[in-house]
Structure formats: C-alpha cells, structure tokens
Amino acid sequence: MTGQAEISAEITAIQTECSRGGIEHSQPMLNFPPYRSSVLRHPQSALHLADPEALELQAPCFGEGDVTALDADLTAQHTGSPIGERTVVTGRVLDGEGRPVRRQLVEIWQANASGRYIHQGDQHPAPLDPNFTGAGRCLTDDDGCYRFTTIKPGPYPWRNHHNAWRPAHIHFSVFGTDFTQRLITQMYFPGDPLCALDPIYQSIPDPKARERLVAVYDHDITSHEWATGYRWDIVLTGAAATPFEEPR
C-alpha cells in the first residue's frame, strides 16, 4: 500500500475499535499511531504538579489596553495587501451552558495562502508573503464574540508519511486570565477533501466531535466584493465542547 493508504487503514482500524468498544472519544487521542509524532510526544509518566497561584504571579493580564483593532485584521498589518482569498472568521466563545465568555483573549496563527508559515522550521518551497505575518488576536465582546479578518490559508505538505498534506486550517488559542487556563485547537474549512486523509483531524474518533472543528460558510458574514465569511463557535466545556489539544 502507499503511505496514504497505510495511514487511512490505520485510522479506520482504530476508529472501528473505539466504536466497537463503546469508547467515546470527543477529544484528540494523545497516542495516535497514524499521527507519527504523537507516539513520541504524548506523556508517558506522571505530570509534575505546579502551584497555580505561583504561576499566576508571572502571568500577563489581558485587558482593553493590551489589544488593538489592528491586531484582529491580519490583512492590514503591513504596508501592502496580502495575496489570497480575504476571509472573515467570527463566532462566539461559550461555556458548557451556552453562556458567553466575555473579555477573553483569542489568538490565531496560520499559514499564508501558499501554505507557508513565517517560521524557521518551515522550509517548504512555497513563497512567503511580505505582507502577511499570519498571527492575530482579539478580546471577546459582551456577547462572547470574536472576529478576525484574514487570508484563507493554503494546505501544505508535512513529513508524517508519503504524500501527506495538511488541510487548510487556522490555529486558535483561548486564554482565561492566565497561561494556566490556555486552550489550543484548530479550525477547518467546510468541504476540504484533505480532512478525510489527515491523521491530526482523524485523531478524534467521534465524528460529531470532528465536525465541531469545521467552520460553516455564512453568506451574511460574506461582504460584497471584499471577503468571504465563516462562522465557528468555541465551546469550552460540556458534552458539546470543542476538541482541544492536550498539553504534552
């Protein structure tokens, strides 16, 4: 079998076993062999306990004075306009009861339209965009809403297996009031055929939980001759919680 066929067979076998065993997995599996590096990175011993109060003394305070409107518009952070499909991504941060989580810091980072990050570890031969850094942040409002204007990221190759490509995605980080409350996840775009082949996305055996990572195209958010629009809510707790990456 090809590398992708082997990976797909592994994914199907693991998800089938979870289903037969009645195991509910709405969060990513830490030790998921098709996602090769998870085997090396997942915790294999007890975690070290830390005093949260001591950590909070060194943590930042996020307020209105720390975040500006420009931080949320990734298309206006440089002298020129970035290349690619201009996109608005918005939604609400909610608790498990559906209540808005107000004044919380939301950060994003992503590849550019050609699928390239501005990072020394990314040497994939796709062009960098001098007008796109790929990072933004905002605070949720009184309704728990966040909103970013950005460029739709491109897919990119990674070395998990032969001919492996990551679907277009945006990384999200949600803070509480300090670093000890940080949650990290990824948002995907609807209709992307690479999701079915991606071990990171497929490391969540529950298909309904996987679907919660996919944004919805919203024509009301889309603006005439300017940007397409997507809506994606982040639910922090409860049965419908958004899948988050576990600390490693």
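Residues numbered from 1 in each chain as written. Predicted model: local features only at pLDDT ≥ 70, side-chain atom pairs only at ≥ 80, totals over all residues. Heavy atoms only, no water.

Focus: the pattern of salt bridges
Point 1. For the coordinates displayed, the defined rule picks out six salt bridges.
Point 2. Of the charged contacts in the structure, one is a salt bridge between D122 and R116, with a shortest N-O distance of 3.8 Å.
Point 3. In this structure D122 comes out as buried when scored by relative accessible area, which is 12%.
Point 4. The residue D218 makes a salt bridge to R231 at a minimum N-O spacing of 3.2 Å. With a gap of 13 residues between them, D218 in the loop between β9 (216–217) and β10 (228–231) and R231 in strand β10 connect regions that are remote in the sequence.
Point 5. Note on D218: relative accessible area 16%, which makes it buried.
Point 6. Taking the relative accessible area as the measure of exposure, R231 reaches 37% and is therefore partly exposed. (Salt bridge = Lys/Arg side-chain N within 4 Å of Asp/Glu carboxyl O. Buried < 20%, exposed > 50% of the residue type's maximum accessible area, 1.4 Å probe, protein only. Helix = DSSP H or I, 4+ residues; strand = E, 2+ residues; numbered from the N terminus.)

Some words on the pairing of strand β4 (residues 145–151)
Point 1. With five of seven residues buried, β4 lies mostly within the body of the structure.
Point 2. Two elements, strand β1 (residues 86–94) and β4, share seven bridges in a ladder whose sense is antiparallel. Note that in β4 the partner of V89 across the bridge is F148. (Pairing = 2+ DSSP bridges.)

With respect to the side chain of D122
Point 1. As for its position among the elements, D122 is in the loop between β2 (105–109) and β3 (135–139).
Point 2. Among the polar contacts listed, one links the side chain of D122 to the backbone nitrogen of Y117, at a separation of 2.7 Å.
Point 3. With residues up to four places along the chain from it excluded, the contact list for D122 reads G115, R116 and Y117. (Polar contact = N/O pair within 3.5 Å; in protein donor to acceptor, adjacent residues only side chain to side chain. Contact = heavy atoms within 4.5 Å.)

Digging into the state of the cysteines
By definition, a disulfide links two cysteine residues through a covalent bond between their sulfur atoms.
Point 1. Counted according to the given criterion, the structure contains zero disulfides.
Point 2. Looking at C145, it has no disulfide partner, and the nearest cysteine sulfur is the one in C138, 9.9 Å off. (Disulfide = S-S within 2.5 Å.)

Digging into the UniProt feature "domain: Intradiol ring-cleavage dioxygenases" (unreviewed entry) in the chain
Point 1. Following the UniProt record, one finds the feature "domain: Intradiol ring-cleavage dioxygenases" (unreviewed entry) at residues 89–117.
Point 2. In residues 89–117, the share of helix is 0% and the share of strand is 38%. The end C-alpha atoms are 19 Å apart. (UniProt positions renumbered as here; feature names shortened; annotations may be inferred.)

Some points on the packing of aromatic side chains
Point 1. In this structure the tally under the stated criterion is eight aromatic pairs.
Point 2. Each ring, one from Y188 and one from Y201, has its centre 5.1 Å from the other, and the planes form 75°; the classification is edge-to-face. You can see Y188 sitting in strand β8 (residues 183–188) and its partner Y201 sitting in helix α4 (residues 199–202), a full 13 residues away along the chain. Comparing Y188 with Y201 shows no difference in burial state: the two are buried.
Point 3. Grouping aromatic residues by their ring pairs yields a cluster made of Y146, F148, F172 and W232.
Point 4. Taking the ring centre of W226 as reference, the NZ or CZ of R86 above it sits at 3.6 Å. (Phe/Tyr/Trp six-rings, centres within 6.5 Å; stacked < 30°, edge-to-face > 60°. Lys NZ or Arg CZ within 6 Å of the ring centre and 35° of its normal.)

Considerations on the environment of A111
Point 1. Looking at the element boundaries, A111 is found in the loop between β2 and β3.
Point 2. Through-space distance from the C-alpha of A111 to that of D122 is 9.9 Å; in sequence the pair is eleven residues apart.

Observations concerning the nonpolar core
Point 1. In this structure, Y146, F148, F172, M187, W232 and I234 are the most contacted members of the largest nonpolar core, which totals 36 residues.
Point 2. At the level of elements, β1, β2, β4, β7 (169–174), β8 and α4 are the ones that each hand at least two residues to this core. (Core = buried A, V, L, I, M, F, W, Y, C linked by side-chain atoms within 4.5 Å.)

A few points about the sheet that holds β2
Point 1. A sheet is described by the order of its strands in space; here four strands give the open sequence β3-β2-β7-β8, paired in antiparallel fashion. Both edges of this open sheet fall to β3 and β8, since each of them pairs with a single strand only. The average angle at which neighbouring strand axes cross in this sheet is 25°, direction not considered.
Point 2. Judged from the four bridges that link them, β2 and β7 form a sheet pairing that is antiparallel. The residue of β7 that forms the bridge with W109 is H171. (Axes fitted to C-alpha atoms, helices over the stretch in contact; angles between N-to-C directions.)

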